[in-house]
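# Structural characterization, general
Listed here are the chains, written in short residue letters.
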Amino acid sequence: MFKKGLKVNLSNPLKNSAVRKLRGEIEAIFPGLKPYIEDLFPSKSKWIANKCAQKVIVYTEAKSSEPYFFHLNNGKGPLIPTVYLCWRFPDSIPIWFTPPDVWRRLHN
């Protein structure tokens with residue numbers, strides 16, 4: 001899927017307090033995920049923070065090993081959902097449609 005593989009420099013399991021903080025941040029930023037939050041964070045779920053090159057932190061669920069979110073600038077940047085989250089919960093993030101007239105201008 002990607003041209004280059006993801007090089008992980010450091011991989012740490014998150015403590016329960018860090019998982020609660022991540023969950024609260026996700027609930028605040030993405031209100032569309034509220035109906036799915038229990039599916040995303042089941043009780044006693046384990047999450048892993050993978051520190052990668054270019055100061056990116058990727059959050060993966062330990063059971064599925066799929067990356068669902070990532071932070072830029074060592075956690076100081078915005079929390080961004082991945083394509084895996086959109087595939088698992090397609091109604092969680094709003095969709096914006098581009099009108100056909102605008103698309104023709106953008107496409108050229």
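So, here's what we can say about the structure. Source: prediction; values computed, not measured.

Basis of the calculations
Residues numbered from 1 in each chain as written. Predicted model: local features only at pLDDT ≥ 70, side-chain atom pairs only at ≥ 80, totals over all residues. Heavy atoms only, no water. Core = buried A, V, L, I, M, F, W, Y, C linked by side-chain atoms within 4.5 Å. Buried < 20%, exposed > 50% of the residue type's maximum accessible area, 1.4 Å probe, protein only. Helix = DSSP H or I, 4+ residues; strand = E, 2+ residues; numbered from the N terminus. Disulfide = S-S within 2.5 Å. Phe/Tyr/Trp six-rings, centres within 6.5 Å; stacked < 30°, edge-to-face > 60°. Pairing = 2+ DSSP bridges. Axes fitted to C-alpha atoms, helices over the stretch in contact; angles between N-to-C directions. Contact = heavy atoms within 4.5 Å.

### Remarks on the nonpolar core
Core analysis: the biggest nonpolar cluster contains 18 residues, and Ile-26, Leu-40, Trp-47, Tyr-59 and Phe-69 have the highest contact counts within it. Ranked by the residues each element gives to this core, the list is headed by helix 1 (residues 16-29), at three residues.

### Some details on the state of the cysteines
All chains considered together, the criterion is met by zero disulfides. As a non-bridged cysteine, Cys-52 has Cys-86 as the owner of its nearest cysteine sulfur, 19 Å distant. Of the residues examined, Cys-52 reaches a relative accessible area of 8% and is grouped as buried.

### A short note on the packing of aromatic side chains
Aromatic ring pairs are defined here through the distance separating the ring centres and the angle between the ring planes. Overall, the coordinates contain five aromatic pairs when judged by the stated rule. Their ring planes at 80° and their centres at 5.5 Å tell us that Tyr-84 and Trp-87 sit as a pair that is edge-to-face. Residue Tyr-84 and its partner Trp-87 are located together in helix 3 (residues 83-88), separated by three residues, close to a single helical turn. On the basis of relative accessibility, which here comes to 24%, the residue Tyr-84 falls in the partly exposed class. Through a chain of ring-to-ring contacts, the aromatic side chains of Phe-41, Trp-47 and Tyr-68 assemble into a single cluster.

### So, the environment of Ile-29
Position of Ile-29 relative to the elements: it lies in helix 1. Residue classification places Ile-29 among the partly exposed residues on the basis of a relative accessible area of 40%. Ile-29 sits 50 residues away from Leu-79 along the chain, and the two C-alpha atoms are 8.2 Å apart.

### Quick notes on the sheet that holds strand 1 (residues 8-13)
Across the sheet, which stays open at both edges, the five strands sit in the order 1-2-3-4-5 with antiparallel pairing between neighbours. If you trace the sheet from one side to the other, it starts and ends with strand 1 and strand 5 (79-81), each paired once. Ignoring strand direction, the axes of neighbouring strands in this sheet form an average angle of 25°. Pairing analysis gives five bridges linking strand 1 to strand 2 (residues 47-52), with the strands arranged antiparallel. Counted as the bridge partner of Leu-10 is Lys-51 from strand 2. Helix-sheet contacts for helix 1 involve strand 2, strand 3 (56-61), strand 4 (67-71) and strand 5, and the interaxial angle to strand 5 is about 75°.

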